[in-house]
Amino acid sequence: MDFSVKKLASGAGLFLTRAVQFTEEKLGQAEKTELDAKFENLISRADCTKHWTEKIYRQTEVLLQPNPSARIEEFLFEKLDWKVPSRVTNAELLGQYMQDAAKEFDLGMPYGNTLEKVGECEKRLGEAEKEFLQTSAISFLTPLRNFLEGDWRTISKERRLLENLRLDLDACKTRVKKAKVAEAKAACEGETAPDFQETRPRNYVLSASASALWTEEVEKAEHELRIAQTEFDRQAEVTRLLLEGISSTHVNHLRCLHEFVEAQAAYYKQCHLHMQELQKELGRLPNAFALNSTNAIATPSMVTEGSSSPVETDTLKIEEVQPPATGTRKARVLYDYDAADSSELSLLADELITVYTVPGMDSDWLIGEKGNHKGKVPVTYLELLS
């Protein structure tokens, strides 16, 4: 118990001494050992590396796992050395829902069959995403985390030790300076009892002259200064080597960044291939849109024999299209549009036109009328008004 109290008192005394020393340095009342410019640049470079590595690491975590609860769960599992449970991706879950719905809607129908195909593709996309997440975590996230939790902690520890030794060195310099001033004063004024509070408390037997005692104090202060200088120089060299190792860290992170980009490229390429395959499969399925269009066109012909529809499924003849009795709407043009051929209508931004649709027409287009002009217009260039 006595040892703990003494240790606590010693630590508190050191803390107060350092606090006073820091304050005096800020006020310019105490000497401060400055590091050379190259060393300061190394420190600044290391701090910059830590700052941006931490930001990149955190944002990459968000990119790979947007769910904060899942990130916290994975962090706890990792700290407890437990195996992180396999988690179903959103694409895999969506694919499963689509396949379940397809079974309910009948796989023999176009909608059910399409849901089944799209669901399979979504599952493959989910598997590709899971592989990308695993690869990125190993090749990119882990090296960044190892730097922040390993190398950077070592650098920070050695920098704190260097700062403490720098404070000790400055304290020794101040002690030597005060001792020399007191020695010179004693030599000029004759023998006086030395005030050791100006340097440090010591128990001396005043058996010699004050000048001799101050000389002895100066020698001891200079001896401690040499020791402090040696320890500071040694620690400065160790810290310098660690800071210079930041260049190797950059090289390692550069390699990891290339691997991350390659993983992303492979993932997006795989997704693109899956979607191309899905489009080909959907192209081979019966087209429900064509069936609906055929029914819509055939209905009037059954009511009135000999009447022909103004719209053909292959070619839309604009001059033969007539506006329906109901269903026309006003629309505001959002952007200028130049007609690609005679069947389209050129548009100017902010003008109002009348639009309507006809059976068998692509859902991305409408028929637009502007004065005596008429033609197809893209829906994305319009704002339909109520």
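S.K.: How should helix α7 (residues 246-284) be read in this particular structure?
M.R.: An α-helix turns once every 3.6 residues. As a result, residues three or four positions apart point the same way. In a regular helix each residue adds 1.5 Å, so 39 residues correspond to 57 Å; α7 covers 57 Å between its end C-alpha atoms and thus fits that length. All buried positions along α7 are accounted for by I246, T249, H253, C256, F260, A263, Q264, Y267, C271, H274 and L278.

S.K.: How should the pairing of strand β4 (residues 373-378) be read in this particular structure?
M.R.: The side chains of a regular strand alternate between both faces of the sheet. Here six bridges tie strand β3 (residues 365-370) to β4, and the two strands are oriented antiparallel to one another. Bridge pairing in β4 links W365 to P378. As consecutive antiparallel partners, β3 and β4 are separated by two residues, and within that stretch G371 has a phi angle of approximately 65 degrees, a positive value.

S.K.: Could you clarify how one ought to interpret the packing of aromatic side chains in this entry?
M.R.: Tallying each qualifying case throughout the model produces eight aromatic pairs. Between the aromatic rings of F147 and W152, the centroid separation amounts to 6.3 Å while the plane-to-plane angle is 50 degrees, which identifies the pairing as tilted. For the pair shown, F147 and W152 are each scored as buried. On the basis of an interplanar angle of 90 degrees and a centroid distance of 5.7 Å, the ring pair of Y335 and Y381 is categorised as edge-to-face. One end of the pair, Y335, is in the loop between β1 (329-333) and β2 (352-356); the other, Y381, is in the loop between β4 and β5 (382-384), with 46 residues separating them in the sequence.

S.K.: What am I meant to see in the sheet that holds β5 here?
M.R.: Two modes of strand pairing occur in sheets, parallel and antiparallel, and in both the strands are linked by backbone hydrogen bonds. Pairing is antiparallel in the open sheet, where five strands are placed in the order β4-β3-β2-β1-β5. The sheet is open, and its two borders are formed by β4 and β5, each paired with just one other strand. Here the strands of the sheet are splayed against their neighbours by 40 degrees on average, with no regard to which way each runs. Across three bridges, the pairing between β1 and β5 is antiparallel.

S.K.: Explain the side chain of T53 to me, please; I cannot follow it from the model alone.
M.R.: Of note, T53 is situated in helix α2 (residues 37-64). Relative accessible area serves as the criterion here: at 7%, T53 is assigned to the buried category. Each residue touching T53, except ones within four places of it in the same chain, is listed here: L144, F147, L148 and H253.

S.K.: What's the story with the nonpolar core in this structure? I'm lost.
M.R.: Inside soluble globular proteins, nonpolar side chains tend to come together where they are buried. Residues F39, F132 and L243 are the most contacted members of the largest nonpolar core, which totals 37 residues. Mapped by element, the contributors of at least two residues to this core are α2, α4 (90-105), α5 (110-189), α6 (210-244) and α7. No other element matches the 17 residues that α5 contributes to this core. Once residues lying within four places of it in the same chain are set aside, the contact partners of L243 are F39, L42, I43, A46, I155 and R159.

S.K.: Honestly, the layout of surface pockets in this entry has me stumped. Any pointers?
M.R.: Any empty space left between atoms is shown by rolling a water-sized probe over those atoms. When its volume is computed, the largest pocket comes out at roughly 1300 Å³. For the lining of the largest pocket, the secondary structure elements donating two or more residues are α2, α3 (68-79), α5 and α7. Here the lining of the largest pocket takes 14 residues from α5, the largest share from any one element.

S.K.: Where do I start with the packing of α2 against α7 in this structure?
M.R.: Angle between the axes and distance between the axes are the two parameters that describe a pair of packed helices. Their axes nearest at 12 Å, the elements α2 and α7 cross at an angle of 20 degrees. On the basis of the axis angle, α2 is roughly parallel to α7. In this structure, α2 meets α7 at a crossing whose hand is left-handed. Contacts between α2 and α7 involve R45, A46, T49, T53 and L63 on the former and, on the latter, I246, S247, H250, H253, F260 and Q264. Of the residues that constitute the contact of α2 with α7, the class distribution is four nonpolar, six polar and one charged.

S.K.: I'm lost on the pattern of salt bridges in this one. Help?
M.R.: Opposite charge on two side chains makes pairing possible when the charged atoms of those side chains draw close. Under the counting rule described, the total for this entry stands at 13 salt bridges. Across the pair E163 and R166 runs a salt bridge whose closest N-O atoms are separated by 2.6 Å. With E163 and R166 both in helix α5 and three residues apart, the pair spans about one turn of that helix. Look at E163 and you get partly exposed, because its relative accessible area is 32%.

Criteria and cut-off values
- Residues numbered from 1 in each chain as written.
- Predicted model: local features only at pLDDT ≥ 70, side-chain atom pairs only at ≥ 80, totals over all residues.
- Heavy atoms only, no water.
- Helix = DSSP H or I, 4+ residues; strand = E, 2+ residues; numbered from the N terminus.
- Expected span 1.5 Å × (residues − 1).
- Buried < 20%, exposed > 50% of the residue type's maximum accessible area, 1.4 Å probe, protein only.
- Pairing = 2+ DSSP bridges.
- Phe/Tyr/Trp six-rings, centres within 6.5 Å; stacked < 30°, edge-to-face > 60°.
- Axes fitted to C-alpha atoms, helices over the stretch in contact; angles between N-to-C directions.
- Contact = heavy atoms within 4.5 Å.
- Core = buried A, V, L, I, M, F, W, Y, C linked by side-chain atoms within 4.5 Å.
- 1 Å grid on protein atoms, 1.4 Å probe; cavity = no way out; pocket = protein on both sides within 12 Å on 5 of 7 lines; lining within 4 Å.
- Points joined across faces, edges and corners; volume = space filled by probe spheres on them.
- Parallel < 35°, antiparallel > 145°, perpendicular 65-115°, else oblique.
- Left-handed = near helix turned anticlockwise from the far one by under 90°.
- Nonpolar A, V, L, I, M, F, W, Y, C, P; charged D, E, K, R; others polar.
- Salt bridge = Lys/Arg side-chain N within 4 Å of Asp/Glu carboxyl O.

Just distances and angles here, no functional claims.
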